[in-house]
Amino acid sequence: MSVRTDAGDAVPEPGRVERRHNEPGHNEPGHSEPGRSDPGQAASSPEPAAAAPEDVLIILPVRSVVLFPQVVLPISIRRDISLAGAQEAVKSRRKVGLLLQRDPDQDDPAPEALHRVGTSASIVRYLTAADGTHHLICQGEQRFTVLDFISREPFLVARIELHPEPTTVNPEIEARALRLRELASEALQLLPQAPAELAAAIQSIDSIPALVDLIASFLDLKPIEKQEVLATFPLRERLDLVLEFLRQRVEVLRISRQIDERTKAAFDERQKEAVLRERLRQIRKELGEDEEGSELGELKEALAKAGMPSDVEEHVRTQIARLERTGEGSPEYSMTRSYLEWMLALPWSKLDKEEIDIEHARRILDEDHFDLDTIKRRIIEFLAVRKLNPEGHSPILCFVGPPGVGKTSLGQSIARALGLKFVRVSLGGVHDEAEIRGHRRTYVGALPGNIIQALRKAGTRNPVMMLDEVDKVSVSFQGDPSSALLEVLDPEQNHTFRDNYLGVPFDLSKVLF
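Reading guide: rules and limits
- Residues numbered from 1 in each chain as written.
- Predicted model: local features only at pLDDT ≥ 70, side-chain atom pairs only at ≥ 80, totals over all residues.
- Heavy atoms only, no water.
- Helix = DSSP H or I, 4+ residues; strand = E, 2+ residues; numbered from the N terminus.
- Buried < 20%, exposed > 50% of the residue type's maximum accessible area, 1.4 Å probe, protein only.
- Contact = heavy atoms within 4.5 Å.
- Areas by Shrake-Rupley, 256 points an atom, 1.4 Å probe, with all protein chains shown as cover.
- Phe/Tyr/Trp six-rings, centres within 6.5 Å; stacked < 30°, edge-to-face > 60°.
- Lys NZ or Arg CZ within 6 Å of the ring centre and 35° of its normal.
- Pairing = 2+ DSSP bridges.

> Hey, could you go over the overall build of the protein chain for me, with residue numbers and the actual values?
Check the secondary structure of the protein chain and you find 15 helices and 12 strands. The proportion of buried residues among the 513 residues of the protein chain is 43%. Look at the contacts in the protein chain between residues 6 or more apart in sequence, and 69% of them connect residues 24 or more apart. Of the roughly 27500 Å² of accessible surface on the protein chain, a fraction of 51% belongs to carbon and sulfur atoms.

> Could you give an account of the packing of aromatic side chains, naming the residues involved and the relevant values?
For the structure on display, the rule yields 2 aromatic pairs. Of note, Arg-441 hangs over the ring of Tyr-339, and the distance from its end group to the ring centre comes to 4.0 Å. Above the ring of Trp-342, the side-chain terminus of Arg-456 is found at 4.2 Å from the ring centroid.

> Describe unusual backbone geometry, with residues and values.
Between Glu-153 and Pro-154 the backbone carries a cis peptide bond, its omega angle lying at -5°. Here Pro-154 lies in the loop between strand E7 (134–151) and strand E8 (156–163). Positive phi outside glycine occurs at Arg-93, with the angle close to 55°. Looking at where Arg-93 falls in the secondary structure, it is placed in the loop between helix H1 (80–92) and strand E5 (96–100). The phi angle at Glu-469 is positive, at roughly 55°, despite the residue not being glycine. Mapped onto the elements of the fold, Glu-469 is located in the loop between strand E10 (464–468) and helix H15 (481–489).

> Quick rundown of the pairing of E7? Include the residues and the values.
Bridge count for strand E4 (residues 72–77) against E7 is 6 bridges, and the pairing is antiparallel. Residue pairing for E7: Ile-77 is matched across the bridge by His-134. Sheet topology places strand E6 (residues 117–128) next to E7; 11 bridges connect them, and they run antiparallel. What sits directly across from Arg-125, in E7, is Ile-137. Connecting E6 to the antiparallel partner E7 that follows it, the hairpin turn spans 5 residues, and Gly-132 within it adopts a positive phi of roughly 95°. Pairing between E7 and E8: 7 bridges, direction antiparallel. Among the inter-strand pairings, Phe-149 is bridged to a residue of E8, identified as Ala-158. From the end of E7 to the start of E8, which pair antiparallel, there are 4 residues.

Right, here's the structure in full:
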């Protein structure tokens with residue numbers, strides 16, 4: 001619920017609720033009496049209305065506001081037709097009728113452009129502000145329906161029919177009124193700064209029609225919805241309509257309160273975590289354990305044991321320092337942390353001992369594979385040359401044949417004969433260069449390529465790596481994976497293989513492909 005009082009020809013000041021009462025007029029400094037010939041000056045509260053036909057009213061068209069009976073509302077007026085009508089009503093101490101425009105953008109609405117149901121009102125006070133705007137404080141009195149318009153110049157005058165409120169109620173109406181009070185109280189409790197006077201007024205009003213109109217006036221409804229309430233004359237139907245509007249607003253307020261509470265709880269939890277981490281850091285600092293046992297301390301300890309090349313180690317130290325300055329709630333924190341974990345998990349300096357025993361290798365090949373004498377003899381020759389020149393750039397073995405003849409298992413036998421780890425990289429159907437070189441780590445979900453992933457899995461820099469189904473690599477708009485394999489397999493290039501995710505060179509020259 002909120003106060004909407006944009007009425008008349010301009011947006012007025014917030015309204016207030018008053019019980020209907022008669023006050024004697026009084027003069028204030030700077031205010032003129034309503035009967036004076038210059039109504040542009042501020043007027044004090046007028047005397048009770050002089051005798052006038054009850055079925056004839058001066059009509060004031062208003063935009064975007066609906067005045068209900070028993071409600072006091074300030075209205076700003078600027079149009080000539082409204083000023084003339086208001087000034088005449090003040091001079092002659094007559095009541096006015098407020099009618100809502102169908103189109104609020106019309107500056108000079110014709111009678112046909114006004115709703116037919118409005119509220120008669122007494123002008124409690126007429127004021128002229130320093131900026132020249134005119135303000136009326138009107139107290140709504142009774143619903144009416146326009147029968148016909150008598151005059152249009154210099155202001156609108158209409159013959160009307162008044163609609164008195166029912167004086168008797170039945171149990172169904174009382175039950176609805178009780179539910180309306182309960183919902184209104186709940187809505188006020190859900191509002192962050194609800195006025196206490198409004199809650200007291202809702203509970204103290206004895207008249208059910210006045211209660212319905214008061215709540216409808218302060219509900220945050222569209223003008224056309226308020227007009228619908230005003231034009232509903234049967235009290236039971238009016239109660240049902242306002243109850244439905246109020247239920248909708250209460251449900252919106254409940255959901256809004258739940259969202260605010262969840263947001264506040266999440267914020268408080270993050271704030272609490274940040275405070276606790278800062279306290280923990282200060283405690284560790286006082287105990288001389290600022291880095292030992294902490295995550296950053298573990299990263300620095302792993303860096304000291306990694307055995308990286310000096311340029312790569314300096315790069316990793318820079319990333320650790322950046323991580324130290326980044327808050328844990330930042331997306332960059334988790335990205336940098338994942339990158340450092342990959343860098344520190346790679347076997348930069350770990351090499352397994354390679355033992356080449358020709359007789360042992362021949363025995364293993366015979367145990368694992370029947371026949372294939374030509375293939376096994378070529379493998380033995382390869383191992384013999386590797387034994388004679390361990391530091392030389394040995395050629396790469398390439399097995400060709402139909403599925404099932406033992407190509408992959410031959411690679412496993414070579415690894416077993418040499419006492420090395422065996423890893424297999426399947427390249428069948430690969431059509432993206434990033435599968436070999438990896439993605440740049442700025443992308444969400446980026447990972448190193450298959451070669452670096454296989455080395456991390458092997459845990460050593462000199463495994464036997466089987467590139468399986470290499471003939472089924474295909475070219476696409478995402479690049480040519482076979483061209484990326486050149487840097488992997490060429491002995492003149494692979495000692496500085498550069499994965500896009502790592503961003504630093506990695507030595508593949510010790511891998512037996």
